[in-house]
Amino acid sequence: MRIIRRRSWELPERAVTPEAVWRDRRAVLKGLGMAGAVAGGLGGGLLMPGRAFAYQPGDPTPDTPWTDLYPVKTNPAYTDPGRPVTVEKTASSYNNFYEFGTHKRIWPDAQKLKVQPWTVTIDGMVDAPQTLDADALIRRMALEERIYRFRCVEAWSMVVPWSGFPLADLVKLAQPKAGAKYLRMETFEDREMAHGQRSIWLPWPYVEGLTMAEATNDLAFIATGIYGKPLPRQHGAPLRLVVPWKYGFKSIKSIVRFTFTDERPVSFWEQLQDQEYGFWANVNPEVSHPRWSQAREQVIDTGEEIPTLKWNGYGDQVAGLYTDIRDGDRLFR
Ligand SMILES: Nc1nc2c(c(=O)[nH]1)N[C@H]1C(S)=C(S)[C@@H](COP(=O)(O)O)O[C@H]1N2
Ligand SMILES: [Mo]
């Protein structure tokens, strides 16, 4: 991961192929009856980044069985993030999803993610191990909308309205045994579908973990939607974690397995570089990343630089989780 040096709209390819051009090209191809041929066949690297896609960031999420559930009711406790909500198109075209590439413009490639069928396994130290379809799981939960601040370890941030359910509700469903101390979460593994997973220097699958106290904190959320729609693929459809007091990499996408365990999970980034990405990863402006300061952050749509808040401003709700843990509010441990 690198710190951003340019704002998203300053990326050179964006300047060369502004969106109006992609849209025009799409309209022209459609007129010629070629849109499908290009998107499915010739597309590839040749036309990047002006590849013709039926879907563009900000459009309704295509091909998901969950559209009827949205929009969901707002949770009044999380309607005031204290900052403007990020422009939807910006949030959904500036993503980290290493399964599809190491750059921020993964949204076209992420459209290859097949979201159905999608099986979720809940196992480990639980009284109710189960394997269920994502659709069944999502329909079983009471969905709500929450607007959260989100801070990536790369020092950029956004504010987005997530739809989903509290992670605590999934914990209830699982009925963990008394000995369970951690929740380990895992992303899908499919090298055919997700070409980034062919990079053997990365420790696939993506794994993340929380303590049980963190997992049952009211802020810990499983997002199934964003901006009042089912999650677009690039945001980690069909379900992903959101833990807004921690750096963004903890918020694991496209989860297939929830395992309750008494062993602390080793996360993807920790396995790759434990000197830089620790288990706790709580947002903390006082603890620098070894290669850059965490004191400030850049807002992705306006480019404004603002001071970073400890626990991303959620200390009232989470500081208590770390009183007994030495260095628990730091990036490493
Ligand atoms: N499976 C998986 N989950 C992931 C990532 C990833 O590469 N793969 N990137 C993480 C990082 S570094 C960030 S900042 C957020 C980005 O979420 P967004 O693209 O929805 O904004 O997803 C996190 N979850
Ligand atoms: Mo991140």
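Above this text sits the structure in question.
This is a predicted model, so every value here is computed, not measured. Numbering of residues starts from 1 in each chain and follows the order in which that chain's sequence is written. Just so you know, chain letters begin at A and ligand numbers begin at 1, following the order they were written in. Local features in a predicted model are, by the rule used here, given only for residues with pLDDT of at least 70; side-chain atom pairs are given and counted only at 80 or more, and totals for whole chains, interfaces and linings are based on all residues. The side-chain numbers reported here are obtained from all heavy atoms of the structure, hydrogens and water having been left aside.

(A) Geometry of the pairing of strand β3 (residues 130-133). Note on classification: 1.4 Å probe, protein chains only; a residue is buried when its accessible area is under 20% of the maximum for its type, exposed when over 50%, partly exposed between these limits. Numbering of helices and strands starts at the N terminus; helices are DSSP runs of H or I of at least 4 residues and strands are runs of E of at least 2. Across the two faces of β3 the burial differs, with Gln130 and Leu132 buried and Thr131 and Asp133 not buried at all. By the convention used here, strands pair only if DSSP detects at least 2 bridges between them. In the sheet, strand β2 (residues 119-124) pairs with β3 via four bridges, with the strands oriented antiparallel. For threonine 119, the partnering residue across the bridge sits in β3 and is aspartate 133. Where β2 hands over to β3, the hairpin turn is made up of five residues, counted between the paired strands.

(B) The site of ligand 1, seen in detail. For this purpose, a residue is taken to be near a molecule or strand whenever a single non-hydrogen atom of the residue falls within 4 Å of it. If you check the shell around ligand 1, you find 19 residues, and the closest are Asn95, Tyr98, Glu99, His235 and Lys253. Here histidine 235 contributes a side-chain N or O atom positioned 2.7 Å from an oxygen atom of ligand 1. Within 3.5 Å is the distance limit for a polar contact, defined as a pair of N or O atoms, with the added protein rule that one can donate a hydrogen and the other accept it, and that residues adjacent in sequence qualify only through two side-chain atoms. A distance of 2.9 Å is found between an oxygen atom of ligand 1 and a side-chain nitrogen or oxygen belonging to arginine 240. We get accessible surface area from the Shrake-Rupley algorithm with a probe of 1.4 Å; when it comes to residues, only the shown protein chains can shield them. For ligand 1, the protein covers 100% of the area, taking 530 Å² as the surface of the free molecule. Partitioning the shell around ligand 1 into residue classes produces 10 nonpolar, six polar and three charged. Three categories are distinguished: nonpolar for Ala, Val, Leu, Ile, Met, Phe, Trp, Tyr, Cys and Pro, charged for Asp, Glu, Lys and Arg, and polar for the others, with Gly belonging to the last.

(C) Examining the nonpolar core more closely. One finds Trp162, Leu167, Trp245 and Phe258 to be the most contacted residues of the largest nonpolar core, which totals 85 residues. Beyond its immediate stretch of four places on either side in the chain, tryptophan 245 contacts Glu214, Asn217, Leu219, Ala220, Asn282, Val283, Trp311, Asn312, Tyr314, Val318, Leu321 and Tyr322. What is meant by a nonpolar core is a set of buried Ala, Val, Leu, Ile, Met, Phe, Trp, Tyr and Cys residues, joined one to another through side-chain atoms within 4.5 Å. Whether two residues are in contact is decided by their heavy atoms, any of which lying within 4.5 Å being enough.

(D) Broad picture of unusual backbone geometry. For the peptide bond that leads from tyrosine 70 to proline 71, omega is -5°, which places it in the cis range. For proline 71, the position within the fold is in the loop between α3 (35-42) and β1 (73-74). That bond from alanine 237 to proline 238 is cis: its omega, -5°, falls within 30 degrees of zero. Residue placement: proline 238 occurs in the loop between β9 (229-230) and β10 (240-242). For asparagine 312, which is not glycine, the phi torsion reads 55° and is therefore positive.

(E) Representation of the side chain of glutamate 297. Within the element layout of this structure, glutamate 297 appears in strand β12 (residues 296-299). You can call glutamate 297 buried: its relative accessible area is 1%. In terms of polar contacts, glutamate 297 uses its side chain to reach the side chain of arginine 151, at 3.1 Å. Within polar-contact distance, the side chain of glutamate 297 engages the side chain of serine 157 at 2.8 Å. The contact partners of glutamate 297, leaving out residues within four places of it in the chain, are Arg83, Arg151, Ala155, Ser157, Glu304, Glu305, Ile306, Pro307 and Thr308.

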